[in-house]
Amino acid sequence: MKNNKKAFEEACEFIAGGVDSPVRAFASVGSNPLFIKQGKGAYITDIEDNIYIDYVQSWGPLLFGHCDEDIEKACKKALKNGSSFGAPTLAETKLAKFILQDWEHLDKIRFVSSGTEATMSAIRLARGYTKKDKIIKFEGCYHGHSDSLLVSAGSGAATFNTPSSLGVLEDVAKNTLVAIYNDIDSVKNLVEKDTNIACIIIEPIAGNMGLVPAKIEFLQELRKICDQYEILLIFDEVMSGFRASYLGSFGINQIKADIVTFGKVIGGGMPAAAFAARAEIMDLLSPLGGVYQAGTLSGNPLAMAAGYANVKKARACENLYENLEKLGSRLMQGFKEAANECGIALQVNNIGSMFGFFFCENPVYNYQDALKSDTKLFAKFHTQMLSKGIYLAPSQFETGFICECMDKKIIDKTIQAAHESFKAL
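Just so we're clear, the structure is a prediction, and the values are computed from it rather than from any experiment.

Asks: Would you mind going over the overall build of the protein with me for this structure?
Replies: A count of helical and extended segments in the protein gives 15 helices and 16 strands. For a compact globule of 425 residues, the expected C-alpha radius of gyration is about 22 Å, and the protein comes in at 21 Å, within 12% of that figure. Projected onto its principal axes, the C-alpha positions of the protein cover 60 × 55 × 45 Å. Per-residue burial for the protein yields a buried fraction of 56% across its 425 residues. For the protein, the share of sequence-separated contacts (at least 6 apart) that also reach a separation of at least 24 residues comes to 72%. Within the structure as shown, the protein displays about 18,600 Å² of accessible surface, and the carbon and sulfur contribution to it stands at 51%. Of note, the protein has its 44 positive side-chain charges centred 3 Å away from the centre of its 49 negative side-chain charges.

What follows is the structure, given as structure tokens:
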């Protein structure tokens, strides 16, 4: 690993922390990050020429693995006409129409470049529509790094034990109320005390405290509360959209949020995200209304081309999500059985092409449950798996992803590596 170590040392000289997103630093697993030079299908190769089965898949966008031929072809074709215009293109409308055709409760969409932009803009829009100031989020849910959302955040914030962030003003944070995931009473207590709540934002399938799906009954009650108190419900499907099912959580529970945010899969590996709602809400956006949002690279033609190729292929691929869920279930069941055999407590979850596991005794339903995980044991397990050619997310509080290029042979190889790793521990 000397080349990876040297590369990280050099990066630290010029890039803050040596990385452009904190979890990539491998700090929580006690090692140096791998520097990746190539990916193909289910595999990535680092600068030492070590090959790994990749269960990160760029943190979710790559449904069809690295260097998918259809996405690559779409990007090359788009690039021949120019990489960016800062002007409307037909590619934006093409992707917008394709996404919206199956979301019966969403009329219009707007593209941005990141999930952070999507959630930040969705909240601003909700405030503009309701004329109210405060928001409710859930402990452990991560919705990007905008100021009002860096309160009790999960993911990287959980990894580094910083539930908030320096630089977030108290005057901003005071307008963010925090409820407990999967606990409807915690929500009721907040809305009954405050009439100034504009929206409730939630990951209906939380992926940033590890994989923790919300209970359907909980989401149903959340919908009723929002209707009763005239609060907009925002589903953050940046991770779960087109991943947990083609229609994200909506394809599983049929619960209609007022605003939905998308990301990852809709960019096909390129920087793209979006937020969508019914027309009366979306028409408040400038230039039609008074809610301002803009972005130089929003609707970038390369990102739109990659996203269209990715989403179109996902819709057309028969039994895609069913097959991915079967592989995810096989993987997690294999982990569970191997851990049990070695006397190690392990909780597992999988939904669609997403999976997660926790080193703890009891099931995980919320952030506090997740924090009971043995993160030191996870770090040791991660190191063991890496040495066996298995690339897992370098944090206990992240979700893993299956891609279409994977098969039972790859899954069984991973389970065998997990068994050997548990045995070593």
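Back to the text.
Asks: Please clarify how the sheet that holds strand β6 (residues 176–179) should be interpreted in this entry.
Replies: The pairing of strands in a sheet comes from backbone hydrogen bonds and takes either a parallel or an antiparallel form. On the basis of which strands lie adjacent, the open sheet formed by 7 strands has the order β4-β12-β11-β10-β7-β5-β6 and mixed pairing. A single partner strand is all that each edge strand has here, and the edge strands are β4 (108–112) and β6. Going from strand to strand, the sheet's axes swing by 20 degrees on average, the running direction of each strand aside. Summarising the sheet, strand β11 (residues 259–262) and strand β12 (residues 273–277) pair through 4 bridges and their orientation is antiparallel. Paired with Val260 across the strands is Ala276, a residue of β12. This element, helix α7 (residues 184–193), spans β5 (134–138), β6 and β7 (197–202) of the sheet and lies at about 150 degrees to β6.

Asks: Help me understand the side chain of Ser373, please; the structure alone is not making it clear to me.
Replies: In this fold, Ser373 is placed in the loop between α13 (367–370) and α14 (375–387). A polar contact is formed between the side chain of Ser373 and the backbone oxygen of Ala370, at a distance of 2.8 Å. If near-sequence neighbours (up to four positions away) are discounted, Ser373 is found in contact with Phe358, Phe359, Cys360 and Gln396.

Asks: Would you take a moment to explain the side chain of Thr414 for this structure?
Replies: As for its placement among the helices and strands, Thr414 is situated in helix α15 (residues 408–424). According to the relative accessible area criterion, Thr414 is buried, its value standing at 0%. Polar contacts involving the side chain of Thr414 include one to the side chain of Tyr55, which spans 2.6 Å. Dropping the residues within four chain positions of it, Thr414 is found in contact with Ile53, Tyr55, Leu331, Phe335, Met385 and Ile390.

Asks: Mind showing me how you'd approach the UniProt feature "modified residue: N6-(pyridoxal phosphate)lysine" (unreviewed entry) in the protein here?
Replies: Residues annotated in UniProt with the feature "modified residue: N6-(pyridoxal phosphate)lysine" (unreviewed entry) correspond here to Lys264. Along the polypeptide, Lys264 turns up in the loop between β11 and β12. Classification of Lys264 as partly exposed rests on a relative accessible area of 23%. If we ignore the near neighbours within four places in the chain, the residues touching Lys264 are Trp59, Gly60, Pro61, Val238, Met239, Gly269 and Ala272. At 3.2 Å, the side chain of Lys264 forms a polar contact with the backbone oxygen of Trp59.

Asks: Before we go on, may I ask you to explain the sheet that holds strand β2 (residues 43–46) in this structure?
Replies: Pairing is mixed across the open sheet formed by 4 strands, whose spatial order is β1-β2-β3-β15. In this open sheet, the two strands that pair with only one neighbour each are β1 (36–40) and β15 (390–391). Pairing between β1 and β2: 4 bridges, direction antiparallel. Within β2, the residue paired with Gln38 across the bridge is Thr45.

Asks: Sorry, what's going on with the packing of aromatic side chains here?
Replies: For any pair of aromatic rings, the description rests on two quantities: the centre-to-centre distance and the angle between the ring planes. Enumeration over the complete set of coordinates arrives at 22 aromatic pairs. Considering the side-chain rings of Tyr181 and Phe218, the 6.2 Å spacing of their centres and the 50 degrees angle between planes classify their relative orientation as tilted. Placement of Tyr181 in the loop between β6 and α7 and of Phe218 in helix α8 (residues 216–229) is noted, with a sequence separation of 37 residues between them. Each member of the pair, Tyr181 together with Phe218, is buried. Between the aromatic rings of Phe335 and Phe422, the centroid separation amounts to 6.4 Å while the plane-to-plane angle is 90 degrees, which identifies the pairing as edge-to-face. Here Phe422 lies in helix α15 and Phe335 lies in helix α12 (residues 320–341), a separation of 87 residues in the sequence.

Asks: Whenever I open this one, the nonpolar core confuses me. Can you help?
Replies: Across soluble globular proteins, you tend to see nonpolar side chains buried next to one another. Core analysis: the largest hydrophobic core is formed by 102 residues, its most contacted members being Tyr55, Phe138, Val187, Leu222, Phe242, Phe262 and Phe357. For this core, the leading source of residues is α12, giving 9 residues. Contacts of Leu222, omitting those with residues within four sequence positions, involve Phe138, Ile184, Val187, Ile200, Ile202 and Leu233. Membership of the second largest hydrophobic core comes to 20 residues, among which are Ile135, Ala273, Ile281 and Val291.

Asks: It is not clear to me how the packing of α12 against α15 should be interpreted in this structure. Could you clarify?
Replies: When two helices pack together, their arrangement is captured by the angle between the axes and the distance separating the axes. At their nearest, the axes of α12 and α15 sit 9 Å apart, and the two run at 20 degrees to each other. As judged from the angle between their axes, α12 and α15 are roughly parallel. In terms of crossing hand, the pair formed by α12 and α15 is right-handed. Of α15, the residues touching α12 (which contributes Leu327, Arg330, Leu331, Gly334, Phe335, Ala338, Ala339 and Glu341) are Lys408, Ile411, Asp412, Thr414, Ile415, Ala418, His419 and Phe422.

Asks: What's the story with the pairing of strand β13 (residues 347–351) in this structure? I'm lost.
Replies: Two faces make up the sheet, and in a regular strand the side chains alternate between them. Summarising the sheet, β13 and strand β14 (residues 354–358) pair through 5 bridges and their orientation is antiparallel. By the bridge assignment, Asn350 is partnered in β14 with Phe355.

Asks: Quick question: what am I supposed to make of the pattern of salt bridges here?
Replies: Side chains bearing opposite charge may pair, as long as their charged atoms lie close to each other. For the structure on display, the rule yields 17 salt bridges. A salt bridge links Asp283 to Lys108, with the nearest nitrogen and oxygen atoms 2.8 Å apart. You can see Asp283 sitting in the loop between α10 (279–282) and α11 (301–316) and its partner Lys108 sitting in strand β4, a full 175 residues away along the chain. One salt bridge in this structure joins Arg223 and Asp227, with 2.9 Å as the shortest N-O distance. Here Arg223 pairs with Asp227, and both are found in helix α8, just 4 residues apart, close to one helical turn.

The rules we used
Residues numbered from 1 in each chain as written. Predicted model: local features only at pLDDT ≥ 70, side-chain atom pairs only at ≥ 80, totals over all residues. Heavy atoms only, no water. Helix = DSSP H or I, 4+ residues; strand = E, 2+ residues; numbered from the N terminus. Rg over C-alpha atoms; globule rule 2.2 N^0.38 Å. Buried < 20%, exposed > 50% of the residue type's maximum accessible area, 1.4 Å probe, protein only. Contact = heavy atoms within 4.5 Å. Areas by Shrake-Rupley, 256 points an atom, 1.4 Å probe, with all protein chains shown as cover. Lys, Arg positive; Asp, Glu negative; His and termini not counted. Charge placed at Lys NZ, Arg CZ, Asp CG, Glu CD. Pairing = 2+ DSSP bridges. Axes fitted to C-alpha atoms, helices over the stretch in contact; angles between N-to-C directions. Polar contact = N/O pair within 3.5 Å; in protein donor to acceptor, adjacent residues only side chain to side chain. UniProt positions renumbered as here; feature names shortened; annotations may be inferred. Phe/Tyr/Trp six-rings, centres within 6.5 Å; stacked < 30°, edge-to-face > 60°. Core = buried A, V, L, I, M, F, W, Y, C linked by side-chain atoms within 4.5 Å. Parallel < 35°, antiparallel > 145°, perpendicular 65-115°, else oblique. Left-handed = near helix turned anticlockwise from the far one by under 90°. Salt bridge = Lys/Arg side-chain N within 4 Å of Asp/Glu carboxyl O.

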